[in-house]
Amino acid sequence: MNNHHGGVPELNASALIPTRLSADEPGWTTRADVIVVGSGIAGLTTAIHARQAGKTVLLVTKARVSEGSTQWAQGGIAAALADDDSPEEHLVDTLVAGVGLCDEEAVRILVTQGPPALRQLIALGARFDTDATGAISLTREGGHHHDRIAHAGGDATGAEVSRALVAAVARDAGIELVENALVLDLLLDSTGAAQGVTLHVMGTGQRGGVGAALAPNVVLATGGFGQVFGQTTNPYVSTGDGVALAMRAGADIADLEFVQFHPTVMWLGPLAQGQQPLVSEAVRGEGAFLRDIDGTRFMEAEHPMADLAPRDVVAKAIMRRMRACGSSHVWLDGRHLGADMWISRFPTILESCRTRGIDPVTDLIPVAPAQHYVSGGVRTDHWGRSSIRGLFACGEVACTGVHGANRLASNSLLEGLVFAGRIGEVLAGTEAVVRDPVEGRVGPGLLPHGVRRAMQQTMDEHVGVLRSQSSLELAEGELWPLSTAAGARPCTEDWETTNIHALACVLTRHALLREETRGSHWREDFPERDDTRWQTRLVTSIDENGALHTRTEPIGGPE
Ligand code: SIN
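A quick note: this is a predicted structure, and the numbers were derived from the prediction, not measured.

The rules behind the values
- Each chain carries its own residue numbering, running from 1 in the written order of its sequence.
- Thresholds applied to this predicted model are a pLDDT of at least 70 for local features of residues and 80 or more for the giving and counting of side-chain atom pairs; totals over whole chains, interfaces and linings are not thresholded and use all residues.
- Hydrogen atoms and water are omitted, and side-chain values are computed over all heavy atoms in the structure.
- Put simply, a residue is near a molecule or strand once any heavy atom of it comes within 4 Å of that molecule or strand.
- Here a polar contact is taken to be a pair of N or O atoms separated by no more than 3.5 Å, where protein atoms must pair a possible hydrogen donor with a possible acceptor and residues adjacent in sequence count only if both atoms sit in side chains.
- Here the accessible surface of atoms and residues is derived via Shrake-Rupley with a 1.4 Å probe, and residues count as covered only by protein chains that are part of the display.
- The nonpolar class holds Ala, Val, Leu, Ile, Met, Phe, Trp, Tyr, Cys and Pro. Asp, Glu, Lys and Arg form the charged class, and all remaining residues, Gly among them, are polar.
- Residues are said to line a cavity or pocket when one of their atoms sits within 4 Å of a point; the points come from a 1 Å grid over protein atoms alone, cavities being sets where a 1.4 Å probe fits but cannot get out and pockets being open sets with protein on both sides within 12 Å along at least five of seven lines.
- Grid points are joined across faces, edges and corners, and a volume is the space filled by probe spheres set on the points.
- Under the scheme used here, helices are H or I runs from DSSP no shorter than 4 residues and strands are E runs no shorter than 2 residues, and both carry numbers assigned from the N terminus.
- On a scale of 0 to 100, pLDDT captures the predictor's confidence in every residue.
- In this description, contact between two residues means that some pair of their heavy atoms is separated by no more than 4.5 Å.
- In short, DSSP must find at least two bridges between two strands for them to pair.
- Fitting a line to C-alpha atoms yields each axis, with helices limited to the stretch in contact; the angle taken between N-to-C directions then spans 0 to 180 degrees.

1. Structural notes on the site of the ligand
Here is step 1: Near the ligand the following residues occur: Gln74, Gly75, Glu141, His262, Ser280, Glu281, Arg311, His372, Arg407, Ala409 and Ser410.
Here is step 2: Between the ligand and Ser280 there is a distance of 2.7 Å, counted from an oxygen atom to a side-chain nitrogen or oxygen.
Here is step 3: Take His372: an N or O atom from its side chain is 2.6 Å from an oxygen atom of the ligand.
Here is step 4: Alone, the ligand offers 260 Å² of accessible surface; in the complex the protein occludes 94% of this.
Here is step 5: By residue class, the composition of the shell around the ligand is 1 nonpolar, 6 polar and 4 charged.

2. Re empty space enclosed by the protein
Here is step 1: This model, assessed by the stated rule, comprises 1 cavity of 30 Å³ or more.
Here is step 2: Taken together, Gln260, Phe261, Arg311, Asp312, Ala315, Lys316, Asn406, Val465, Gly519 and Ser520 form the lining of the largest cavity.
Here is step 3: Breaking the lining of the largest cavity down by element, the ones donating at least two residues are β16 (259–266) and α7 (311–325).
Here is step 4: Per-element accounting of the lining of the largest cavity gives the leading share, 4 residues, to α7.
Here is step 5: Here the residues of the lining of the largest cavity are counted per class, giving 3 nonpolar, 4 polar and 3 charged.

3. Some points on the confidence of the model for the chain
Here is step 1: Mean pLDDT over the chain: 92, with 94% of residues reaching 70 or higher.
Here is step 2: Throughout residues 1–6 the model reports pLDDT below 50, and contacts reaching past four residues in sequence, or to other chains, amount to 20 contacts.

4. Section: the sheet that holds strand β11 (residues 194–201)
Here is step 1: Ordered by their spatial adjacency, 4 strands build an open sheet running β3-β12-β11-β10, and the pairing between neighbours is mixed. In this open sheet, the two strands that pair with only one neighbour each are β3 (29–31) and β10 (181–188). Mean inter-strand twist for the sheet, computed between neighbouring axes without regard to direction, equals 25 degrees.
Here is step 2: Two elements, β10 and β11, share 6 bridges in a ladder whose sense is antiparallel. Looking at β11, one finds that Leu182 is bridged to His200.
Here is step 3: Helix-sheet contacts for helix α5 (residues 241–248) involve β10 and β11, and the interaxial angle to β10 is about 20 degrees.
Here is step 4: In the packing of helix α13 (residues 492–513) onto the sheet, contacts are made with β10, β11 and β12 (209–214), and the angle to β10 comes to roughly 55 degrees.

5. Let's talk about the sheet that holds strand β23 (residues 398–399)
Here is step 1: The 5 strands are arranged β23-β21-β15-β26-β27 in an open sheet whose pairing can be described as mixed. Across the chains shown, the open sheet's two edge strands, defined by having one partner strand only, are β23 and β27 (548–553).
Here is step 2: Relative to strand β21 (residues 377–379), strand β15 (residues 253–254) is paired through 2 bridges, and the arrangement is antiparallel. Pairing of Ala254 across the sheet is with Gly377, part of β21.
Here is step 3: Along the sheet face, α5 touches β15, β21 and β26 (537–542) and points at about 45 degrees away from the line of β21.
Here is step 4: Running over the sheet, α13 touches β15, β26 and β27 and is turned about 45 degrees from β27.

6. Comments concerning the side chain of Thr233
Here is step 1: Within the fold, Thr233 resides in the loop between β14 (231–232) and α5.
Here is step 2: Looking at Thr233, its side chain comes within polar contact range of the side chain of His372, at 2.7 Å.
Here is step 3: With near-sequence residues (within four places) excluded, Thr233 lies in contact with Val265, Gln275, Gln276, Leu278, Gln371 and His372.

Given below as structure tokens:
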């Protein structure tokens, strides 16, 4: 490290992030009032709100419309609906889980606008599980002091939400859907405002290959980037295309060091790669508990909330226990829940276990932490606006500040719902100026997809649950030289690999700079939370040459 930039030491970084992915002239052009990129809960809900605001919408998604993280969500959507609960108590639980780094105003918006947003989702057609009186059934997950998780299909909440929203979007002729469209770069006008995106659409039709979708409002809803790691609960499409695009365009990116590792991901052996099966926290919410490899329960000694402590506490306790026992996993014991509970409440997980030869009614489930969620992303204000005019971000791609250092369980689908509505309100009130985009500045320097596996291994080994200066420096030593690798032929895998690499570099840099342990960021060499130095946000942007600049900012935004 050498000099200082905005209060934090700047790394002596020689590698650059490419500022464009594609140097090709777009072969086709299309226009809309709003472009929404991504088709999970955030993207679909934003598209619906943009239509309510009277806008035409082009909804682009990189695979089929229902692929993405939302459909995999098991637990549910957190909202203070119970008579004995309140948004204020939901706020307190969220702030505690976020370990001093939540933007309190953003959280207040989340918890107060959450219940009406959930009711709107139900009005759109989503069917949530109900009790005998017809009221929405609520369960509990880690860090919540009340039953406030609404769920659907037992443990298939995301699939039901996705089904209902896809159907609502399909009913609206004002939303044009383009599938198999990978977003490449943001197009900016001469004033630096967003004016659209370049896309690569699979196929050879009228809109095949690289084209330009022009609009004065671009909403990124591309989800997270679990594929930065080798083992994740995220699907293959989660390669951080939106965060990387925003970063290339010069937007502020915040909090990338806060990567949440879900405590109970089914352990399939040391060679398992890619998306791993989740075992929802709701299983512990209904009474299951953890045992170490020798069968001893250990969470009661770790936290007053025992097996339902906040997620980072449970993940860390499991890691410590695995280390102490020399084991590669612990056990989740849900045998006492009984067959009826497993069949009615957790049909998806039951099936997922049984196809792997584990019967949770009679067997312990082997589990270990794996990457699950990124709290950081494109820094936005309370209306989903990024630091680039006309560019919005919603859902996991965004850093609204609601999650702080550790997201509270089932607040993520809620965030997508609530902030999509707020972006819709902004869109309704703006007459955006349409200008021609200008040429980007620096050509592409793509990474060949062959380096992806090695990169993920680096991230798993050195930037995972446990981090230290030496592990993070090792990671940088392996990651940075990759950016000087020979240019690759442009294809989806190379573009995605280039995105993953850019995010891995920033994540590692943030993790190295943040010399403390807080929430999901665990430094072995700085084991304490340090409010004097680090009750602050790390924000990175790149300059016109692709050089990274990281600075600290107050939690509520620039002063
Ligand atoms: C889970 O079902 O355990 C995951 C819920 C979440 O990530 O919020």
